[in-house]
Amino acid sequence: MIQIEEILARVEKPSRYTGGEWGMVKKDWTKAQVRVALAFPDLYEVGQSHLGLRLLYDQINQHPDYLAERVYAPWIDLEDELRKAAKPLFSLESRRSLAEFDLVGFTLQYELSYTNILNMMDLGGIPLAARERGSEHPLLIAGGPGAYNPEPIAEFFDLFFLGEGEEAILEILAVLARAKRAGLSKAQVKKELSKIPGVYVPEFYEVSYHQDGTLAGIRAAEGVPVRVTKRIVADLEQCPIPEQQIVPFTDIVHDRIMLELFRGCTRGCRFCQAGMIYRPVRERSVPTLEKALDKLLKQTGYGEVSLTSLSSSDYSEIRQLVARLMDCYSAEHVNISLPSLRIDAFPADLAERFQGGRKSSLTFAPEAGTERMRRVINKGVTREDMLSAAEAAFRGGWQRLKLYFMMGLPTETDEDIIGIAELAREVLNLGKGIWKQRPHAVQVSVSVSVFVPKPHTPFQWRPQLSLEEVERRQRLLADHLKGRGLELHWHDARTSWLEGVFARGDRRLAAVVKTAWELGCRFDGWAEHFRFDLWLEAFRRSGLEPDFYANRQRSYTEILPWDHLDAGVCKEFLQDEDRRAEAGLLTPDCRQAACSACGVCPGLQVRPSLAGGEGRG
Amino acid sequence: MVDYRLRYSKQGELRFISHLDLVRGFERILRRAGLPVAYSEGYNPHPKLGFGPALPLGVESVAEYLDMEFTRSVDPEEIIARLNHVMPPGLRALELVEAARKLKPLTAVINCAVYRYEGLAAGQDDPERIRREVERLWKQDTLLVTRKAKGGGTKNLNVRGFLKNWQWLEQPGSGPVLCLETVIGNQGTIRPDEFLRLFAVPIDTPRIIRTDLWVDDGINRVSPLALCR
Ligand code: SF4
């Protein structure tokens with residue numbers, strides 16, 4: 001056990017690092033056959049909010065022979081203290097160094113956490129490059145959405161896992177337990193693990209490049225699958241919802257019970273990676289959810305529940321569920337919420353029930369300013385839909401609406417940018433008309449992020465907007481969006497650009513990540529720590545051209561760095577969707593209309609399943 | 001409605017949990033315990049709990065108090081048992097009294113806090129020097145500490161008036177212990193760590209424990225629990 005008491009007394013928010021929360025599982029270190037560190041490359045407040053980690057923590061610790069402990073990124077102050085005292089980064093439960101575990105699993109939630117991953121490995125006493133690690137070091141694995149193109153950090157990991165890990169993690173640990181008893185070498189263990197569907201061992205795949213920097217080929221070693229296919233839990237009804245959850249002392253980002261209604265989303269928004277990689281839709285039934293929630297409320301004492309999913313209001317029995325939960329728990333002062341209350345998908349009367357009478361603000365996500373642009377991204381919401389939803393909200397008592405947009409979507413013109421301002425103004429005027437007595441209380445806030453093309457989406461071949469062009473369009477929008485009651489918020493275009501470079505990057509970028517970390521980059525997703533200058537320096541030193549990754553149009557025939565990784569959605573479907581985008585054609589949701597042949601269901605031998613029982617065949 | 005006053009301890013690593021976090025934590029503890037806490041009315045109902053003076057971060061305590069309002073009466077023994085069943089390690093319910101009358105808030109009545117410093121002189125060859133330093137401090141009329149001012153910046157404050165008493169206890173085997181009695185409450189206070197910063201001689205980082213909170217009328221001092229009877 002690593003002694004850190006003295007240090008804790010000096011750092012900000014020490015309860016980030018103490019552990020000891022209600023619901024924490026601390027097992028006997030010496031009795032566990034395989035010890036897993038679940039690492040999240042950001043602060044406790046962020047990582048502890050992550051649902052996937054909660055599921056794995058529960059799944060592993062339920063097993064008598066395995067143990068899982070949590071490790072989060074130390075804030076700058078703790079890092080300094082640890083380095084000064086030459087102490088390693090430690091797990092919250094047993095306060096063991098990262099290096100003492102058999103398996104260290106990182107969650108790849110966003111690209112801007114890559115330097116934190118290296119920093120945590122380094123602080124944990126683990127050599128960064130997989131090839132520098134021997135059998136005395138833990139195996140490093142990573143999962144999460146980032147694992148669908150992990151190439152920029154491939155050289156730091158032994159394994160990646162594609163898809164939903166609840167079932168596979170036990171298979172992986174069983175192999176590790178056996179390997180430990182048999183004294184297998186690291187190479188043998190990796191070979192064994194590569195046989196588990198969903199497990200990707202990057203060193204078994206050799207990548208070659210053309211002169212122009214594009215990929216010439218990805219060659220799988222003998223005996224490993226040419227393509228690694230994602231794993232999913234086919235029947236979510238049979239997949240237990242944890243009956244325990246940790247209740248943190250300190251206020252975390254999602255400080256509540258997260259009840260997962262369903263997985264997958266087939267609305268088919270063409271920019272959305274989650275909508276592609278988590279297919280198909282699999283819903284849990286109302287009784288299952290009710291039963292699980294009842295147990296969780298009793299165990300945690302939480303008075304807040306969030307109904308979590310990619311788009312919770314799409315849950316086929318949302319009205320029944322909400323009604324049931326409100327009936328059961330409103331007398332017990334349990335607050336039930338949807339993660340983001342999106343009125344475009346949600347009638348105002350229901351929204352009102354959620355807010356418990358409080359009418360702070362409502363969020364819409366039109367994503368694009370014109371109807372043409374929305375057809376391109378397959379978000380078939382019309383101007384009339386928007387306005388009538390906004391009207392319902394204003395009449396329902398809300399005065400402040402938030403509108404989310406993206407800038408830089410494929411085929412976007414200045415007209416589409418101005419369209420954002422026009423839509424916002426229309427909504428504002430509508431509100432003022434309804435709130436005649438207090439028109440100045442009506443507020444419309446517009447939030448615009450820069451579109452980042454992601455792998456495994458129809459737009460994976462498209463260029464991202466250059467930084468100069470983003471600036472020009474931002475100025476254009478700002479010029480048109482002026483006036484009382486209108487507010488405009490940006491996301492930092494430079495972080496989106498960096499995200500774009502790594503989202504579709506190849507293995508050569510590992511050098512850039514490493515150099516940036518050495519130069520001092522940490523917590524790149526945190527505005528106060530983002531050092532764009534250092535990143536540019538890292539690119540300069542590597543000799544790699546970042547625009548090659550972010551801002552280049554790729555051809556359909558180009559070999560993409562993630563072509564050997566299979567998210568279930570086939571390339572033909574993605575290309576077809578890209579062409580339909582160009583033509584402004586909508587593709588309907590397979591929950592309501594015919595199957596659009598994305599390939600997931602036949603490929604994984606699953607089918608969509610809805611709570612009411614009618615799934616599509 | 002029934003009012004209860006609880007004494008509890010907050011020890012070990014729970015000293016790193018802030019007062020605000022503890023307040024939120026107690027709401028959840030009471031829910032887990034399944035105790036019939038009364039809630040306020042309105043859009044945003046919250047449990048009717050009344051905490052004593054905040055315990056500074058890094059300080060342990062065996063004398064924290066909490067007032068709770070229940071919708072019906074529950075046997076005190078049972079309340080303590082149920083609380084201890086669902087409290088995280090480091091928190092312990094110790095004593096509980098049902099209020100026989102309407103209680104004034106804890107923060108309005110508690111005016112004296114006692115802290116115990118252990119291990120101040122753990123690595124010192126001359127522990128007596130620390131005792132002499134306390135004596136020296138006691139003789140001053142003005143002892144200034146710097147605090148953050150409300151509107152930003154800092155201000156100096158004379159805290160001499162908040163120091164009431166001290167005791168130096170020689171503990172066989174574990175080195176001397178300093179007990180410090182301070183004013184707390186509406187009139188102001190000196191935090192136990194602020195007191196250490198006044199020292200002009202080197203000390204070791206001690207373990208600090210709040211051992212008592214008193215209601216002192218100048219003649220008698222009683223425990224906040226005694227006011228319930
Ligand atoms: S294969 Fe068809 S039914 Fe299955 S998710 Fe794709 S579009 Fe929907």
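All values derive from a computational prediction rather than experimental measurement. (Residues numbered from 1 in each chain as written. Chains lettered and ligands numbered in written order. Predicted model: local features only at pLDDT ≥ 70, side-chain atom pairs only at ≥ 80, totals over all residues. Heavy atoms only, no water.)

Participant: Give a detailed account of the domain arrangement of chain A, specifying residues and quantitative values.
Facilitator: Residue and element names in this part refer to chain A. Here the domain parsing of chain A yields domain 1 (5-229) and domain 2 (233-340 + 587-617). For domain 1 and domain 2, the distance between their C-alpha centroids amounts to 27 Å. Taken together, the contact pairs 26 residues of domain 1 with 24 residues of domain 2. Between domain 1 and domain 2, roughly 2300 Å² of surface is buried when both sides are summed, and carbon and sulfur atoms account for 60% of that area. If you sort the residues of domain 1 by the area they bury against domain 2, Trp22, Arg54 and Glu164 come out on top, with a joint share of 25%. Remark: the boundary between domain 1 and domain 2 carries 3 salt bridges. For Glu164, the salt bridge identified is with Arg263, shortest N-O distance 3.1 Å. One can count 11 residue pairs in polar contact (both at pLDDT 80 or more) joining domain 1 with domain 2. (Domains from an automatic or database assignment. Contact = heavy atoms within 4.5 Å. Buried area = accessible area lost by both parts, 1.4 Å probe. Salt bridge = Lys/Arg side-chain N within 4 Å of Asp/Glu carboxyl O. Polar contact = N/O pair within 3.5 Å; in protein donor to acceptor, adjacent residues only side chain to side chain.)

Participant: Now, about a negative patch on the surface: what can you tell me, with residues and values included?
Facilitator: All names here are of chain A. Taken together, Glu468, Glu471, Glu545 and Asp547 make up a surface patch of like negative charges. Of note, Asp547 is situated in helix α20 (residues 546-550). Classification of Asp547 by relative accessible area gives partly exposed; the value is 37%. (Patch = residues over 30% accessible without salt bridge, like charges linked within 9 Å, V, L, I, M, F, W, Y side chains within 5 Å. Areas by Shrake-Rupley, 256 points an atom, 1.4 Å probe, with all protein chains shown as cover. Lys, Arg positive; Asp, Glu negative; His and termini not counted. Charge placed at Lys NZ, Arg CZ, Asp CG, Glu CD. Helix = DSSP H or I, 4+ residues; strand = E, 2+ residues; numbered from the N terminus. Buried < 20%, exposed > 50% of the residue type's maximum accessible area, 1.4 Å probe, protein only.)

Participant: I'd love a proper account of the environment of Thr411 of chain A, names of residues and values included.
Facilitator: All names here are of chain A. Mapped onto the elements, Thr411 comes out in the loop between β16 (400-407) and α15 (414-434). Overall, the relative accessible area of 26% leaves Thr411 in the partly exposed class. Residues Thr411 and Arg372 lie 39 residues apart in sequence; the distance between their C-alpha atoms is 9.8 Å. For Thr411, the residues in contact, after removing those within four places along its chain, are Arg372, Met373, Val376, Asp416, Arg462 and Glu582.

Participant: An account of the layout of surface pockets is requested, with residue identities and associated values reported.
Facilitator: Of the volumes computed, that of the second largest pocket is approximately 1100 Å³. Lining the second largest pocket are 39 residues, and of these Ala9 of chain A together with Leu57, Gly58, Val59 and Asp193 of chain B lie nearest its centre. At the level of elements, α1 (5-8) of chain A together with α1 (19-33), α5 (192-197) and β10 (207-216) of chain B are the ones that each hand at least two residues to the lining of the second largest pocket. Grouping the constituent residues of the lining of the second largest pocket by class yields 17 nonpolar, 8 polar and 14 charged. (1 Å grid on protein atoms, 1.4 Å probe; cavity = no way out; pocket = protein on both sides within 12 Å on 5 of 7 lines; lining within 4 Å. Points joined across faces, edges and corners; volume = space filled by probe spheres on them. Nonpolar A, V, L, I, M, F, W, Y, C, P; charged D, E, K, R; others polar.)

Participant: Break down helix α17 (residues 493-503) of chain A for me, citing the residues and quoting the values.
Facilitator: Residue and element names in this part refer to chain A. For α17, the buried fraction is high: 9 of the 11 residues fall into the buried class. Buried residues of α17: Ala493, Thr495, Ser496, Trp497, Leu498, Gly500, Val501, Phe502 and Ala503, and no others. Where α17 is buried, its residues contact α6 (114-123), β17 (443-450), α16 (467-480), α18 (510-519), α19 (532-542) and α20. For α17, the N-terminal cap is Asp492; the gap from its side-chain oxygen to the backbone nitrogen of Arg494 is 2.9 Å.

Participant: Got a sec to walk through the packing of aromatic side chains? Specific residues and values, please.
Facilitator: For the structure on display, the rule yields 25 aromatic pairs over all chains. When the ring of Phe106 of chain A is compared with that of Phe157 of chain A, the centres are 6.0 Å apart and the planes differ by 85°; the resulting orientation is edge-to-face. Residue Phe106 of chain A is located in strand β3 (residues 103-107), and its partner Phe157 of chain A is located in the loop between β4 (139-143) and β5 (159-161); the two are separated by 51 residues in the primary sequence. A residue is classified by how much of its surface remains accessible, and Phe106 of chain A, at 2% relative accessible area, is buried. A residue is classified by how much of its surface remains accessible, and Phe157 of chain A, at 2% relative accessible area, is buried. One aromatic cluster is present, formed by Tyr114, Trp497, Phe502, Phe530, Phe532, Trp535 and Phe539 of chain A through successive ring pairs. The positively charged end of Arg508 of chain A is found above the aromatic ring belonging to Tyr209 of chain A, 4.1 Å away from the centroid. For the cation-ring pair, Arg160 of chain B lies above Trp138 of chain B, with the distance from its terminal atom to the ring centre recorded as 5.0 Å. (Phe/Tyr/Trp six-rings, centres within 6.5 Å; stacked < 30°, edge-to-face > 60°. Lys NZ or Arg CZ within 6 Å of the ring centre and 35° of its normal.)

Participant: So, the site of the ligand: which residues are in play, and what are the values?
Facilitator: By nearness alone, every residue bordering the ligand is listed as Arg279, Pro280, Cys590, Cys595, Ser596, Ala597, Cys598, Gly599, Val600, Cys601 and Pro608 of chain A. The class makeup of the residues in the shell around the ligand is 8 nonpolar, 2 polar and 1 charged. (Near = heavy atom within 4 Å.)

Participant: Give a description of the packing of α6 of chain A against α18 of chain A that names residues and reports values.
Facilitator: Residue and element names in this part refer to chain A. Direction vectors running N to C along α6 and α18 enclose 70°, while the axes themselves pass 9 Å from each other. Put simply, α6 runs roughly perpendicular to α18. As α6 runs across α18, the sense of the crossing is right-handed. The segment α6 lies against α18, with Tyr114, Thr115, Leu118, Asn119 and Asp122 engaging Val513, Lys514, Ala516 and Trp517. For the contact of α6 with α18, the residue count by class is 5 nonpolar, 2 polar and 2 charged. (Axes fitted to C-alpha atoms, helices over the stretch in contact; angles between N-to-C directions. Parallel < 35°, antiparallel > 145°, perpendicular 65-115°, else oblique. Left-handed = near helix turned anticlockwise from the far one by under 90°.)

Participant: Please set out the pairing of β10 of chain B residue by residue, giving values where relevant.
Facilitator: All names here are of chain B. Judged by how many residues are buried, β10 sits mostly within the fold: 7 of 10 residues are covered. Where strand β3 (residues 60-70) lies against β10, 2 bridges are found, and the strand directions are parallel. Counted as the bridge partner of Ser61 is Arg210 from β10. One ladder, built from 2 bridges, connects β10 with strand β11 (residues 221-222); its direction is antiparallel. Looking at the pairing, Asp216 lines up with Arg221 of β11. What sits between the antiparallel neighbours β10 and β11 is a turn of 4 residues, in which Gly218 has the positive phi angle 100°. (Pairing = 2+ DSSP bridges.)

Participant: Go over the sheet that holds strand β6 (residues 199-200) of chain A with me, naming the residues and quoting the values.
Facilitator: Adjacent strands of a sheet form backbone hydrogen bonds with each other and so pair up, either parallel or antiparallel. Residues and elements named next belong to chain A. One open sheet accounts for 6 strands, arranged β2-β1-β3-β4-β5-β6; its pairing is mixed. Because the sheet does not close on itself, it has two edges, and the strands there are β2 (66-72) and β6. Inspection of the sheet shows strand β1 (residues 34-40) paired to β2 by 7 bridges, in the parallel sense. Note that in β2 the partner of Val34 across the bridge is Tyr66. The sheet strands contacting helix α8 (residues 186-193) are β4, β5 and β6, and the helix crosses β4 at an angle near 30°.

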